[in-house]
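Here is what each chain is made of, one letter per residue.
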Amino acid sequence: MDLKGIEIVPVWKDGGSDAAKSMTAFKQMASGDESIVAMVGQSTGVALALKTWNIKKEVVNVEGGSDDELTNLPSWTFSPTSPYVNELGVWVDYYLKHIWPKKGLDRKPRFAWLTWEVAYGRASITPKTRAYIESKGVEIVGEEFIPYVPTDVSAQLLRLKEKGVDFTFGGMYQNAFAVVLKEMDKLSMVDQIDVGLCY
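Analysis parameters
- Starting afresh in each chain, residues are numbered from 1 along the sequence in its written order.
- Only residues with pLDDT of 70 or above have their local features reported here, since the model is predicted, and side-chain atom pairs are shown and tallied only from 80 upward, although totals for entire chains, interfaces and linings are computed over all residues.
- As a rule here, side-chain values come from all non-hydrogen atoms in the structure, and water together with hydrogens is ignored.
- Exposure is judged per residue with a 1.4 Å probe applied to protein chains only, and the accessible area is read against the type maximum: over 50% gives exposed, under 20% gives buried, and values in between give partly exposed.
- Put simply, DSSP marks the helices as runs of H or I at least four residues long and the strands as runs of E at least two long, and each gets a number from the N terminus on.
- Two strands qualify as a pair provided DSSP detects at least 2 bridges between them.
- Side-chain rings of Phe, Tyr and Trp, where Trp is taken by its six-membered ring, are said to pair if the distance between their centres is within 6.5 Å; with planes under 30 degrees apart they count as stacked, over 60 as edge-to-face, and otherwise as tilted.
- In this analysis, two residues are considered to be in contact whenever any of their non-hydrogen atoms come within 4.5 Å of each other.
- To define axes, lines are fitted to C-alpha atoms, for helices over the stretch in contact only, and angles between the resulting N-to-C directions are given on a 0 to 180 degree scale.
- Only one rule defines a salt bridge in this text: a Lys or Arg side-chain nitrogen within 4 Å of an Asp or Glu carboxyl oxygen.
- Definition of a polar contact: a pair of N or O atoms within 3.5 Å, with one able to donate and the other able to accept a hydrogen when the atoms are protein atoms, and with sequence-neighbouring residues admitted only if both atoms are side-chain atoms.

S.K.: Quick question: what am I supposed to make of the pairing of strand S4 (residues 110-116) here?
M.R.: Two faces make up the sheet, and in a regular strand the side chains alternate between them. Of all seven residues in S4, six are buried; the element is thus mostly enclosed. Taken together, the seven bridges between S4 and strand S5 (residues 139-146) define a ladder with parallel strand orientation. Bridged to Trp116 within S5 is Ile146. With three bridges connecting them, S4 and strand S6 (residues 167-170) associate as parallel partners. Considered in S6, the bridge of Ala112 is made with Thr168.

Right, dumping it as structure tokens:
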């Protein structure tokens, strides 16, 4: 790649997916004489916190997170990930077409969010997604949030069971999802609730 004598130097700081630490790191990196050409982020919450700073400092952010707010203009944030709201829509459509008919139940399907208690986990919960889900004839019965590093999620799962939830959607990484699945297995819920996750 011919950059005509321009040298690109990679610089990194670990913000630990913490908005305050990441903002401090970004300000340190953007305060020097050298311009930041582009940054790569991997946290929806951090990207939301830095959106205004990316615009102010004119730094392109190629972000792994995909909250709708990141695409609202003006924005210097781009995401190669499909929007989490769209992933929810695809899951609802797929579920209603391919899974729900096989259950043979004569009632509305019951839906709830089962997700991380962070910006990424909440990104698919919007007025538009609620309206979309309801427009498909699905009953929304709640939201259950699990901690970033969960150890016991039995209370959340038992509430879903009590509400007769048929399917869920949310965002969490595999380490958290493993805790959820183990608890679902322990409570004999694996075959009762279909779980959809974004990203």
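S.K.: Just to check I follow, could you spell out the packing of aromatic side chains for this structure?
M.R.: The description of an aromatic ring pair rests on the distance of the ring centres and on the angle between the ring planes. All chains considered together, the criterion is met by 12 aromatic pairs. Measuring from centroid to centroid gives 6.4 Å for Trp91 and Tyr94, while their planes differ by 20°, and the two rings are stacked. Here Tyr94 and Trp91 lie together in helix H3 (residues 84-103), a separation of three residues that amounts to about one turn. Judged by relative accessible area, which is 42%, Tyr94 ranks as partly exposed. Ring geometry for Tyr120 against Tyr173: centres 5.6 Å apart, planes inclined by 45°, an arrangement best described as tilted. Taken together, the positions of Tyr120 in helix H4 (residues 119-122) and Tyr173 in the loop between S6 and helix H7 (174-186) put the pair 53 residues apart, joining distant regions of the chain.

S.K.: How should the sheet that holds strand S1 (residues 38-41) be read in this particular structure?
M.R.: Note on sheets: strands pair through backbone hydrogen bonds, and any given pair is parallel or antiparallel. Taken in spatial order, the three strands of this open sheet run S1-S2-S3, and their pairing is parallel. Among the strands making up the open sheet, the edge pair consists of S1 and strand S3 (77-78). As paired elements, S1 and strand S2 (residues 60-63) share four bridges and run parallel to each other. Residue Val40 lies in a different strand from S2, and its bridge partner there is Val62. Relative to the sheet, helix H2 (residues 44-57) contacts S1, S2 and S3, its axis offset from that of S2 by approximately 165°.

S.K.: When you look at unusual backbone geometry in this model, what are you seeing that I'm missing?
M.R.: What is expected of a backbone is that most residues other than glycine have negative phi and most peptide bonds are trans. Residue Pro74 follows Leu73 across a cis peptide bond; omega there is 0°. By secondary structure assignment, the location of Pro74 is in the loop between S2 and S3. One non-glycine residue with positive phi stands out, namely Ser17, at about 60°. Relative accessible area serves as the criterion here: at 45%, Ser17 is assigned to the partly exposed category.

S.K.: Help me understand the pattern of salt bridges in this model?
M.R.: Should their charged atoms come close, side chains of opposite charge can pair. Summed over all chains, the structure comprises nine salt bridges. In this structure, Lys103 and Asp194 form a salt bridge, with 3.1 Å as the shortest nitrogen-oxygen distance. Residue Lys103 is found in helix H3, and its partner Asp194 is found in strand S7 (residues 194-197); the two are separated by 91 residues along the sequence. In this structure, Asp166 and Arg107 form a salt bridge, with 2.8 Å as the shortest nitrogen-oxygen distance. Highlighted residues: Asp166 in the loop between helix H6 (154-162) and S6 and Arg107 in the loop between H3 and S4, separated in sequence by 59 residues. Note on Asp166: relative accessible area 5%, which makes it buried.

S.K.: Help me out: how do you make sense of the side chain of Asn61 in this one?
M.R.: Positionally, Asn61 belongs in strand S2. Accessibility expressed as a relative area gives 0% for Asn61, which makes it buried. A distance of 3.5 Å separates the side chain of Asn61 from the backbone nitrogen of Gly41, its partner in a polar contact. Every residue in contact with Asn61, bar those within four places of it in the chain, is listed here: Met39, Val40, Gly41, Ala47, Asn54, Trp76, Thr77 and Phe78.

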